[in-house]
Protein chains: 2
Amino acid sequence: MERELWILASASPRRRELLRQIGIEAKVQPAAVSEDTETKNPEEMVLELSSRKAEAAAALAPAGSLVLGADTVVSVDGMVLGKPASHEQAREMIRRLQGRTHQVYTGVTMIRRGETGNSGVSFAEKTDVTLFPMTEEEIQAYADSPEPMDKAGAYGIQGSFAAYVSGIRGDYGNVVGLPIGRVYQEWKRLKEEEAEEDD
Amino acid sequence: MERELWILASASPRRRELLRQIGIEAKVQPAAVSEDTETKNPEEMVLELSSRKAEAAAALAPAGSLVLGADTVVSVDGMVLGKPASHEQAREMIRRLQGRTHQVYTGVTMIRRGETGNSGVSFAEKTDVTLFPMTEEEIQAYADSPEPMDKAGAYGIQGSFAAYVSGIRGDYGNVVGLPIGRVYQEWKRLKEEEAEEDD
């Protein structure tokens, strides 16, 4: 991969690790933005928040850099689940998710900081996740561990929770926090457009 | 997870890592078995090979231990792809897989070594994997790297190849080499059966 400054507008170590997996070393520069939104639609919500994060970080980024903002939520029964505020809330979330299929949405905004203006792209990716039925004992043991606390929907598919996942439909990284396949493809497209403009 | 001796009849560091992810520390004891099979059917093939590996290791395992054998292949166009024998073969495999959907099969055999006889279970899990189209440059760069050489189908979804994966349908660990969700569920069932027998 070419040397190019990537700025990750997110404090999530998992997103940084996913970028690293495809050879991208990003500079982490989380943007402090409000996470309030008007919309209750998960796709609109993650698009709005990813773009808010990317724009805040882009305002401070050097020309030529690529800024990436992302936001992930879990959607079930028309409800959006963010990070649990307590272990009790984590239990409630996992009770709701076990034994069925829910949706994970990650919104991504990539902004190329130009000398004068910016260019970029926003997209939302959806992955269906199906869980095996869990016993109350399994729910409590997991919910009371530290794992769920910083994760949308109160679980991390990359950790011990994998024991309860029967399958997914869509991108795996998207459930962890960043759809890296799509990110790479959009970055490639962006580079091609920039190469054409330079001609 | 309870303390119990798990024996992994496979040298794959990835399978060991997947078990560790759900809290299982396995003793690695690869079984030297022939990988020749009569069948060309991917599901039958991985079942047969996983059972051959597990049985060979179980013969040497102490009573009470749980022995796990596994085998993974990629299936496309009615052909079964194992590990590539050369970088040239890796290129051919990736050329065939890019831009479309193929199947990954992992067969798993779990044997509980008893005082007198053994008990256990065998199953095969299928995951569909869809790849983005790849340029010839991308194919060559990946195929010529060390990554494809020890992997069925010549790619590792957990490495930089994730940039080319648009999505999967099924278990993610299954593509890496072990369907850990299913392994955990089958282990749970086995323990329940054993508890009933003890009553």
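This one's a predicted model, so the numbers in the text were calculated from it and none came from an experiment.

K.L.:
How do you make sense of the overall build of chain A when you look at a structure like this?
P.N.:
On a plain count of helices and strands, chain A comes out with six helices and seven strands. Start at the N end of chain A and walk to the C end: the helices and strands fall as β-α-β-α-β-β-α-β-β-α-β-α-α. Taken over C-alpha atoms, the radius of gyration comes to 18 Å for chain A, in line with the 16 Å a tight globule of 199 residues would show. Projected onto the principal axes, the alpha-carbon positions of chain A cover approximately 60 × 30 × 25 Å. When each of the 199 residues of chain A is scored for burial, the buried share is 45%.

K.L.:
What should I look at first to understand the packing of helix α3 (residues 87-97) of chain B against helix α4 (residues 136-143) of chain B in this one?
P.N.:
All names here are of chain B. At their nearest, the axes of α3 and α4 sit 9 Å apart, and the two run at 140 degrees to each other. Taken as axis vectors, α3 and α4 run oblique relative to one another. Here α3 runs over α4; the crossing is right-handed. Of α4, the residues touching α3 (which contributes H87, A90, R91, I94 and R95) are I139, Q140, Y142 and A143. Taken together, the residues that form the contact of α3 with α4 break down as five nonpolar, two polar and two charged.

K.L.:
Hey, could you run me through the interface of chain B and chain A in this one?
P.N.:
Accessible area lost upon the coming together of the parts serves often as the stated size of an interface. With 22 residues of chain B at the contact, the number on the chain A side is 22 residues. Contributions of two or more residues to the side of chain B that touches chain A are made by β7 (165-170), α5 (172-176) and α6 (180-198) of chain B. For the side of chain B that touches chain A, the element with the highest residue contribution is β7 of chain B, accounting for six residues. Looking at the side of chain B that touches chain A residue by residue, the class counts come to ten nonpolar, ten polar and two charged. Taken together, the three bridges between strand β7 (residues 165-170) of chain A and β7 of chain B define a ladder with antiparallel strand orientation. Residue pairing for β7 of chain B: R169 of chain A is matched across the bridge by R169 of chain B.

K.L.:
In this structure, what is going on with the environment of Q98 of chain B? I would like to understand it.
P.N.:
Residue and element names in this part refer to chain B. For Q98, the position within the fold is in the loop between α3 and β5 (101-113). In the structure, Q98 is positioned 61 residues away from T37 in sequence and 27 Å away in space, judged by C-alpha atoms. Among residues more than four places away in sequence, those in contact with Q98 are L131, P133, M134, I139 and Y164.

K.L.:
Can you help me understand the pairing of β7 of chain B in this one?
P.N.:
Within a regular strand, side chains alternate between the sheet's two faces. Alignment of strand β6 (residues 118-131) of chain B against β7 of chain B, held across four bridges, turns out to be antiparallel. Within the sheet, the bridge partner assigned to V129 of chain B lies in β7 of chain B and is I168 of chain B.

K.L.:
Teacher, can you tell me more about the nonpolar core here?
P.N.:
Burial of nonpolar side chains together is a common tendency in soluble globular proteins. Membership of the largest hydrophobic core comes to 106 residues, with the highest contact counts inside it found for V67 and L68 of chain A together with V67 and L68 of chain B. In contact with L68 of chain A, other than residues within four places in its own chain, are W6, L8, A9, A54, V108 and M110 of chain A.

K.L.:
Could you clarify how one ought to interpret the relation of the copies chain B and chain A in this entry?
P.N.:
The relation between the two chain copies is a rotation about an axis coupled with a shift along that axis. Overlay of chain B on chain A (RMSD 0.0 Å): rotation 180 degrees, translation along the axis 0.0 Å. The transformation relating the two chain copies, once decomposed into turn and shift, fits a two-fold axis. Relative to the rotation axis, the closest C-alpha in chain B is found at R169 of chain B, a distance of 2.2 Å. A share of 100% of interface residues in chain B that are also interface residues in chain A marks the association as one of identical surfaces.

K.L.:
What should I look at first to understand unusual backbone geometry in this one?
P.N.:
For residues besides glycine, phi is generally negative; the peptide bonds are generally trans as well. Residue and element names in this part refer to chain A. Of note, D77 is a non-glycine position whose phi angle comes to about 55 degrees, a positive value. Mapped onto the elements, D77 comes out in the loop between β3 (66-76) and β4 (79-81). Note on D77: 9 C-beta atoms within 10 Å, which makes it exposed. With a phi close to 70 degrees, A154 is a non-glycine residue in the positive phi region. Within the fold, A154 resides in the loop between α4 (136-143) and β7. A154 gets classed as buried once you count the C-beta atoms within 10 Å, which come to 27.

K.L.:
Would you take a moment to explain the environment of G82 of chain B for this structure?
P.N.:
Residue and element names in this part refer to chain B. For G82, the location among the structural elements is in the loop between β4 (79-81) and α3. With 17 C-beta atoms counted inside 10 Å, the residue G82 sits in the partly exposed group. Linking G82 and G153, residues 71 residues apart in sequence, is a C-alpha distance of 5.7 Å.

K.L.:
Got a minute to help me understand the pairing of β3 of chain A in this structure?
P.N.:
Residue and element names in this part refer to chain A. Of all eleven residues making up β3, ten are buried, and the element is well covered by its neighbours. Bridging between β3 and strand β5 (residues 101-113) involves ten bridges; their strand directions are antiparallel. In the sheet register, G69 faces β5, and the bridge partner there is T109. Bridging between β3 and β4 involves three bridges; their strand directions are antiparallel.

K.L.:
What should I look at first to understand the environment of G153 of chain B in this one?
P.N.:
Residue and element names in this part refer to chain B. One can find G153 in the loop between α4 and β7. For G153, a count of 28 C-beta atoms within 10 Å corresponds to the buried category. With 28 residues separating them in the primary sequence, G153 and G181 have C-alpha atoms 22 Å apart.

Definitions and limits used
Residues numbered from 1 in each chain as written. Chains lettered and ligands numbered in written order. Predicted model: local features only at pLDDT ≥ 70, side-chain atom pairs only at ≥ 80, totals over all residues. Helix = DSSP H or I, 4+ residues; strand = E, 2+ residues; numbered from the N terminus. Rg over C-alpha atoms; globule rule 2.2 N^0.38 Å. Buried ≥ 20, exposed ≤ 12 C-beta atoms within 10 Å, placed from the backbone. Axes fitted to C-alpha atoms, helices over the stretch in contact; angles between N-to-C directions. Parallel < 35°, antiparallel > 145°, perpendicular 65-115°, else oblique. Left-handed = near helix turned anticlockwise from the far one by under 90°. Contact = placed C-beta atoms within 7 Å. Nonpolar A, V, L, I, M, F, W, Y, C, P; charged D, E, K, R; others polar. Pairing = 2+ DSSP bridges. Core = buried A, V, L, I, M, F, W, Y, C linked by C-beta atoms within 7 Å. Least-squares fit on C-alpha atoms with pLDDT ≥ 70 in both.

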